[in-house]
Amino acid sequence: MSRHKTEEIERAVLAQLVHSRMDPFEAADSLQELSRLADTAGVLVCDQITQNRPKPDGGSLFGKGKVEDLKNLLHEKEANIVIFDNPLSAFQQFNLTKALEARVMDRTELILQIFARRARSAEAQTQVELAQLQFLLSRIPVTAAQQRFKGGIGMKGPGESRLQLRNAPMRKRVTELKKKLAEIQKRSVAEAAVKRKWPVVSLVGYTNAGKSTLLNALAPRSEAYVDDRLFATLDTKTRLVWLQQNKQVLLTDTVGFIRNLPHSLIASFKSTLDVAVQADLLLIVVDASYPHVNDHLKVCYETIKEIGAAEVPALLILNKCDKGSSDSAVLHVTEQYPQAIPVSAKSGYGLETLKQSIVQELQKCCTLWQLPSATSRT
Ligand SMILES: Nc1nc2c(ncn2[C@@H]2O[C@H](COP(=O)(O)OP(=O)(O)OP(=O)(O)O)[C@@H](O)[C@H]2O)c(=O)[nH]1
Ligand SMILES: [Mg+2]
C-alpha cells in the first residue's frame, strides 16, 4: 500500500462496553481519551456507542442487538473502522470484523499504530516493530490478523496461508530485532557511562503533561518536539541543564504514559524507559489543569512500578498552572499535594523553585553531589 493511500482520512466510530467492575466516570474519561488517540492517529471520529452490561460477551464483547446497532451506525456515518476502548480477544475481533464488515481494532492496536507513525530514531522504530510483532503473535490464531497493521513499520507479513509457516518468519524477526535492540542499548549504556559526571534527572509522566515543554524551558536550546497530540515524544532526549553555580544535571525526556499502555510496548520500550530506572531523580509531571489528575497520577505510579523505578527518589511537578482561574482544578490539586511543585513550563512560573528543589533533593540522594570533590566536576 502506498504511503499516500495510508495517509487517507479514515472515518471511525468509537465503541465501549461499560461492565459492572468499571467506574463509569473513569470509563467516560477513557472514551474521551480514545477520541484524542484516534485524532492523533489521523482518524476522523464520526460517532461513539457504549453499552452497559454486567460483563462482556465472550464472542463479540457487545450483545447481539448492540452489534446490530453498531453496524447500522457505521452505515449511517459512512464509517469504515470501529475502535473499541476495551481490549478485544482475537476471537472477538475476528467475529466483530465479520459481523460489522468493517475494520475492527482496540485501544492497544491504536496505540501501537500511533507509535509506528511517530517513531523516528532507529531505536524507537525497532522497539515499535518488536511490540507490533509481539502483539500480532499473541493474536495469531486468526487468519486475518496479519493484514491489520496496514502502513505499520515492517508489517507487510509473509502471506503464507498455513499458521506455522506464517509464524516462523515473525519469530525469526523478533529474535533479530531483540539482538538489534541489545546492540543499540549497549552503545547507549557506554555513552551514559561517559556522561555519568552529572546526576541524571528523568522527566516521566502521562502523555501530554508537558514533559518536553519543561525540558525546553529548563534547557532553552533543547528544541524537544512539543505537540498537543498524544505521544509526541518517543525518543529519549537528554540535555545538560544548569541549575545553579557548579550544579548541572542531565535532564532526560521520555515516552509518555497512558492508561492500559500495552505490555508489549512497555517491554519493547524498556531501553528507553530504563533511563528512568537508572536516574538519580524522577520528575513526575502531571497536567494540573486536567480535572481527573488523580487518575493520571495513579497510572504514573503504576507504570513507574512496572518499569522497576519505584525506588528512585521523585518530585511531583504540577504543570500547566497558568491554565484556568482561581476556582479551577489547579488550585484544588495544589492543595491536595502540598509537597508538589506547581509550575508552568509555558510561562516559566515556578521554574526557579523547581531548580532549587532538584538541587536539594539530589544533595540528599545522589552520591555524585555528596562527595566533597563534587563541585570540581562541573
Ligand atoms: N497552558 C500550558 N500548556 C502547556 C504547558 N506545558 C505544556 N503545554 C502544552 O501541552 C501540550 C503537550 O506538551 P508536550 O510538552 O508535548 O507534552 P509531553 O508530556 O512531552 O507529551 P508526550 O511527548 O506526548 O508524552 C502542548 O500543546 C504544550 O504547548 C503549560 O505549562 N501550560
Ligand atoms: Mg514529549
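Bear in mind that the values here come from a model prediction, so they are computed numbers and not experimental data.

S.K.: I'm lost on the overall build of the protein in this one. Help?
M.R.: On a plain count of helices and strands, the protein comes out with 14 helices and 10 strands. For the protein, buried positions account for 52% of its 378 residues.

S.K.: Whenever I open this one, the side chain of Asp287 confuses me. Can you help?
M.R.: Mapping Asp287 onto the fold places it in strand β8 (residues 281-287). The class of Asp287 is buried, set by a relative accessible area of 12%. Within the local environment of Asp287, its side chain forms a polar contact with the side chain of Lys320, the two groups lying 3.4 Å apart.

S.K.: Sorry, what's going on with unusual backbone geometry here?
M.R.: Most peptide bonds take the trans form, and the phi angle of most residues other than glycine is negative. Although it is not a glycine, Glu78 sits at a positive phi angle of roughly 50°. With a phi angle near 55°, Asn260 is a residue other than glycine that sits in the positive phi range. Mapping Asn260 onto the fold places it in the loop between β7 (247-253) and α9 (263-268).

S.K.: Where do I start with the sheet that holds strand β10 (residues 341-342) in this structure?
M.R.: Hydrogen bonds along the backbone pair up the strands of a sheet, which may run parallel or antiparallel. Spatially, β6-β7-β5-β8-β9-β10 is the arrangement adopted by the six strands of the open sheet, whose pairing is mixed. Of all the strands in the sheet, just β6 (237-244) and β10 have a single pairing partner and so form its edges. In the sheet, β8 pairs with strand β9 (residues 314-319) via six bridges, with the strands oriented parallel. In the sheet register, Asp287 faces β9, and the bridge partner there is Asn319.

S.K.: Help me understand helix α11 (residues 293-306), please; the structure alone is not making it clear to me.
M.R.: Structurally, the α-helix is built with 3.6 residues per turn, so residues lying three or four positions apart point the same way. With 14 residues, α11 should reach 20 Å at 1.5 Å per residue; the first-to-last C-alpha distance of 20 Å fits that figure. Every buried residue of α11 is listed here: Val293, His296, Leu297, Val299, Cys300, Thr303 and Ile304. For α11, the arc enclosing every buried residue in end-on projection is 160°, short of the 170-degree limit, so these residues lie on one face. Looking one or two residues past α11, Gly308 carries a phi angle of roughly 85°, positive in sign.

S.K.: Is there a simple way to think about the pairing of β6 in this case?
M.R.: Successive side chains on a regular strand alternate, one facing one side of the sheet and the next facing the other. In this structure, β6 lies alongside β7, joined through seven bridges in antiparallel fashion. Across the sheet, Lys237 pairs through a bridge with Asp253, a residue of β7. Between β6 and β7, which pair antiparallel and follow one another directly, the connecting turn spans two residues, one of which, Asn246, has a positive phi of 65°.

S.K.: Before we go on, may I ask you to explain the packing of helix α2 (residues 24-40) against helix α5 (residues 107-118) in this structure?
M.R.: Packed helices, taken two at a time, are described by the angle their axes make and the gap between the axes. The contact between α2 and α5 brings their axes to 10 Å, and the two run at 35°. Of the two possible hands of crossing, α2 and α5 adopt the one that is left-handed. Contact with α2, carried on its side by Ser30, Glu33, Leu34, Leu37, Ala38 and Thr40, involves Arg107, Leu110, Ile111, Ile114, Arg117 and Arg118 of α5 and no other residues of that element. Its residues assigned to classes, the contact of α2 with α5 comprises six nonpolar, two polar and four charged.

S.K.: What is the right way to read the side chain of Thr40 from this model?
M.R.: For Thr40, the position within the fold is in helix α2. Contact partners of Thr40, with chain neighbours within four places excluded, come to Ile114, Arg117, Arg118, Arg229 and Leu230.

S.K.: Just to check I follow, could you spell out the pattern of salt bridges for this structure?
M.R.: Pairs can form between side chains of opposite charge once their charged atoms are near each other. Within this structure, the stated rule accounts for 13 salt bridges. With a shortest N-O distance of 3.6 Å, Asp47 and Lys77 are connected by a salt bridge. Taken together, the positions of Asp47 in strand β2 (residues 43-52) and Lys77 in the loop between α3 (64-76) and β3 (81-84) put the pair 30 residues apart, joining distant regions of the chain. Of the residues examined, Lys77 reaches a relative accessible area of 23% and is grouped as partly exposed. Three or more residues joined by partner-sharing salt bridges are found here, namely Asp29, Glu33, Asp85, Arg107 and Arg259.

What counts as what
- Residues numbered from 1 in each chain as written.
- Chains lettered and ligands numbered in written order.
- Predicted model: local features only at pLDDT ≥ 70, side-chain atom pairs only at ≥ 80, totals over all residues.
- Heavy atoms only, no water.
- Helix = DSSP H or I, 4+ residues; strand = E, 2+ residues; numbered from the N terminus.
- Buried < 20%, exposed > 50% of the residue type's maximum accessible area, 1.4 Å probe, protein only.
- Polar contact = N/O pair within 3.5 Å; in protein donor to acceptor, adjacent residues only side chain to side chain.
- Pairing = 2+ DSSP bridges.
- Expected span 1.5 Å × (residues − 1).
- Arc of directions from axis to C-beta.
- Axes fitted to C-alpha atoms, helices over the stretch in contact; angles between N-to-C directions.
- Left-handed = near helix turned anticlockwise from the far one by under 90°.
- Contact = heavy atoms within 4.5 Å.
- Nonpolar A, V, L, I, M, F, W, Y, C, P; charged D, E, K, R; others polar.
- Salt bridge = Lys/Arg side-chain N within 4 Å of Asp/Glu carboxyl O.

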